[in-house]
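# Results of the structural survey
Residue strings, one per chain:
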Amino acid sequence: MAGLTELLGRPSVEVAPLLLGAVLRHDHPDGPVAVRLTEVEAYAGTQDPGSHGFRGRTERNATMFGPPAHLYVYFVYGMHHCANVVTGPEGECGAVLVRAGEVVEGLELARTRRPPARRDAELAKGPASLCRALGIGPGHDGADLVAGPVTLTPADRPAAQVSTGPRVGLRHAADRPWRFWVTGDPTVSRYVPAKPRPAR
DNA sequence: CCCATGATACTCT
DNA sequence: GAGTATCATGGGG
């Protein structure tokens, strides 16, 4: 499969399924942890009511408007961080949320970051869990995925079987089937619809 | 089912 | 400016 720069620079919806099987790795002083991606979601910027970029560029989402192959890390629900791969094309605010994966290196370190003890398949299940297992935090917003220490290596071959469905937890544009996952993989997170707005 | 927890962005109550 | 609804979640009962 192509290198990272050939893979990115195209619309996020096109890129997202191709990232399944790619390996996101963080070389940290405590040791490396690497995750093989099994679940992602595409966000299409200013054209997508579900995207942080829908209402234009702000201080928070500025990274998504920047060049591809960088990490957009955001803080949500007052306690969690989630990470996206910025895809481009530049100026279009495309990004792919990395939602889940299998820890393929650094299991011990990943476990210490995710107390209490859990099954291996749960270590990076869900976008905030994945960031915790990898030790990705607010300091990694804007990080260059080619330079490291967080790097993304494309899959050798396309995922054998890919399922698609609506994105998790969105109230807006919940109908767009832009969540992609490796069919049947035990590390894929559960689908949770958005909390309905209270009637008025 | 329910809630922790705080930044963000929107509406002026 | 100040007040407030919302939130690309996870863990626990």
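Residues numbered from 1 in each chain as written. Chains lettered and ligands numbered in written order. Predicted model: local features only at pLDDT ≥ 70, side-chain atom pairs only at ≥ 80, totals over all residues. Heavy atoms only, no water.

An unreviewed UniProt entry annotates chain A as Putative 3-methyladenine DNA glycosylase originating from Nocardioides marmoribigeumensis. Under the UniProt heading Sequence similarities (unreviewed entry), the note attached to chain A is "Belongs to the DNA glycosylase MPG family." (UniProt positions renumbered as here; feature names shortened; annotations may be inferred.)

## Quick word on the protein's contact with DNA strand B
In the vicinity of DNA strand B, the residues found are Arg55, Thr58, Arg60, Phe75, Tyr77, Gly78 and Met79. Taking the atoms of DNA strand B that fall within 4 Å of the protein, sugar and phosphate contribute 52% of them. Between a phosphate oxygen of DNA strand B and a side-chain N or O atom of Thr58, the distance comes to 2.8 Å. A distance of 3.3 Å separates a base nitrogen of DNA strand B from a polar atom in the backbone of Gly78. Its residues assigned to classes, the surface near DNA strand B comprises 3 nonpolar, 2 polar and 2 charged. (Near = heavy atom within 4 Å. Polar contact = N/O pair within 3.5 Å; in protein donor to acceptor, adjacent residues only side chain to side chain. Nonpolar A, V, L, I, M, F, W, Y, C, P; charged D, E, K, R; others polar.)

## Points about the protein's contact with DNA strand C
Taken together, the neighbourhood of DNA strand C is formed by 23 residues, with His52, Tyr74, Asn84, Arg118 and Arg197 sitting nearest. Restricting attention to atoms of DNA strand C within 4 Å of the protein, one finds that 60% of them are sugar or phosphate atoms. Gly50 is positioned with one of its backbone polar atoms (N or O) 3.5 Å from a base nitrogen of DNA strand C. A distance of 2.8 Å separates a phosphate oxygen of DNA strand C from a polar side-chain atom of His52. Only strand E4 (80–86), strand E5 (94–105) and helix H4 (127–134) provide two or more residues apiece to the surface near DNA strand C. Within the surface near DNA strand C, the residues separate by chemical class into 10 nonpolar, 7 polar and 6 charged. (Helix = DSSP H or I, 4+ residues; strand = E, 2+ residues; numbered from the N terminus.)

## A closer look at the packing of aromatic side chains
Applying the stated rule across the entire model yields 1 aromatic pair. Sitting above the plane of the Tyr43 ring, Arg167 keeps its charged end 4.6 Å from the centroid. In this structure, Arg179 packs its charged tip against the face of Trp181, placed 4.6 Å from the ring centre. (Phe/Tyr/Trp six-rings, centres within 6.5 Å; stacked < 30°, edge-to-face > 60°. Lys NZ or Arg CZ within 6 Å of the ring centre and 35° of its normal.)

## Considerations on the pairing of strand E3 (residues 71–76)
On a regular strand, one side chain projects to one face of the sheet and the next to the other, so that they alternate. Bridge count between E3 and E4: 6 bridges; the pairing is antiparallel. Directly across from Val73, in E4, lies its bridge partner Ala83. Hairpin geometry of E3 and E4 is characterised by an intervening segment of 3 residues between the two adjacent antiparallel strands and by a positive phi of about 55° at Tyr77. (Pairing = 2+ DSSP bridges.)

## Here's the deal with the nonpolar core
Counting 38 residues, the largest nonpolar core has Leu24, Leu37, Leu71, Leu130, Ile136, Leu145 and Leu152 as the members making the most contacts within it. In terms of residue count, strand E2 (residues 31–44) provides more of this core than any other element does, 5 residues in total. Of all hydrophobic cores here, the second largest spans 12 residues; its members include Met64, Phe65, Val86 and Leu170. (Core = buried A, V, L, I, M, F, W, Y, C linked by side-chain atoms within 4.5 Å. Buried < 20%, exposed > 50% of the residue type's maximum accessible area, 1.4 Å probe, protein only.)

## Description of the side chain of Glu39
Tracing the backbone through its elements, the reader meets Glu39 in strand E2. Relative accessible area serves as the criterion here: at 0%, Glu39 is assigned to the buried category. At 2.8 Å, the side chain of Glu39 forms a polar contact with the side chain of Arg99. With residues up to four places along the chain from it excluded, the contact list for Glu39 reads Leu20, Leu97, Val98, Arg99, Ala100, Arg179, Phe180, Trp181, Val188 and Ser189. (Contact = heavy atoms within 4.5 Å.)

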